[in-house]
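# Secondary and tertiary structure notes
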Amino acid sequence: MVTLFQMWVVPLYFTVKLHWWRFLVIWIFFSAVTAFVTFRATRKPLVQTTPRLVYKWFLLIYKISYATGIVGYMAVMFTLFGLNLLFKIKPEDAMDFGISLLFYGLYYGVLERDFAEMCADYMASTIGDQFSDFPRLPTLSQGYYQLPI
């Protein structure tokens, strides 16, 4: 929880200090929706539609961060091989673009994974609490199931 909190909040300081407004806008949007999804996942009793909401949100973020990372990696590799010159893009601009996309993909991918794990743990414990009142199924040690000999 401590590392998740630090990964989520520390970039906010540098973003404001260095005037990285694009990152700040994306971070605010991501944080708002993730906070809502996390809030829904940690409520007891668990609403029936919440697991689907959590799954859809974190799957979407996974797909976006994965694609962003791949595109960023390809931009870096194309720049290293000089393919940016075919499109008359300066190497500095192409490399900045690629590294930025790599950073966005990695940062939001790791952050999303940690939030998804936390939400899944909360939901699993909540579902376990909700069904703890139901009678348990008999086990072999209770003698209910006997094999015919």
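In this report, we go over the structure that sits alongside the text.

So, how was this worked out
Residues numbered from 1 in each chain as written. Predicted model: local features only at pLDDT ≥ 70, side-chain atom pairs only at ≥ 80, totals over all residues. Heavy atoms only, no water. Helix = DSSP H or I, 4+ residues; strand = E, 2+ residues; numbered from the N terminus. Buried < 20%, exposed > 50% of the residue type's maximum accessible area, 1.4 Å probe, protein only. Contact = heavy atoms within 4.5 Å. Polar contact = N/O pair within 3.5 Å; in protein donor to acceptor, adjacent residues only side chain to side chain. Salt bridge = Lys/Arg side-chain N within 4 Å of Asp/Glu carboxyl O. Core = buried A, V, L, I, M, F, W, Y, C linked by side-chain atoms within 4.5 Å. Expected span 1.5 Å × (residues − 1).

## Examining the overall build of the protein chain
- Counting secondary structure elements, the protein chain contains 4 helices and 0 strands.
- Each helix and strand of the protein chain, placed in order from N terminus to C terminus, yields the pattern α-α-α-α.
- A buried classification covers 28% of the 149 residues belonging to the protein chain.
- Contacts in the protein chain between residues far apart in sequence, at least 24 positions, make up 65% of those at least 6 positions apart.

## So, the side chain of S31
- With respect to the helices and strands, the residue S31 is situated in helix α2 (residues 21-41).
- Polar contacts involving the side chain of S31 include one to the side chain of W8, which spans 2.8 Å.

## Focus: the pattern of salt bridges
- The full count for this structure, using the stated rule, is 2 salt bridges.
- Residue D114 is joined to R113 by a salt bridge in which the shortest nitrogen-to-oxygen separation is 3.1 Å.
- Note on R113: relative accessible area 48%, which makes it partly exposed.

## Some details on the nonpolar core
- Formed by 19 residues in total, the largest nonpolar core has its most connected members in V54, F58 and Y108.
- Residue assignment for this core shows that the elements contributing at least two residues are α2, α3 (50-80) and α4 (91-130).
- Top contributing element to this core by residue count: α4, with 8 residues.
- Sequence-distant contacts of F58, that is, excluding residues within four places in its chain, are made with T34, V37, E112, F115, A116 and C119.

## Concerning α3
- Look at α3: 45 Å from first C-alpha to last across 31 residues, which is about the 45 Å you get at 1.5 Å a residue.
- Of all the residues in α3, the buried ones are T50, V54, W57, F58, I61, S65, T68, G69, G72, A75, V76 and T79.
- Two residues or fewer past α3, G82 is found with a positive phi of approximately 85 degrees.

Keep in mind these numbers describe shape, not what the thing actually does.
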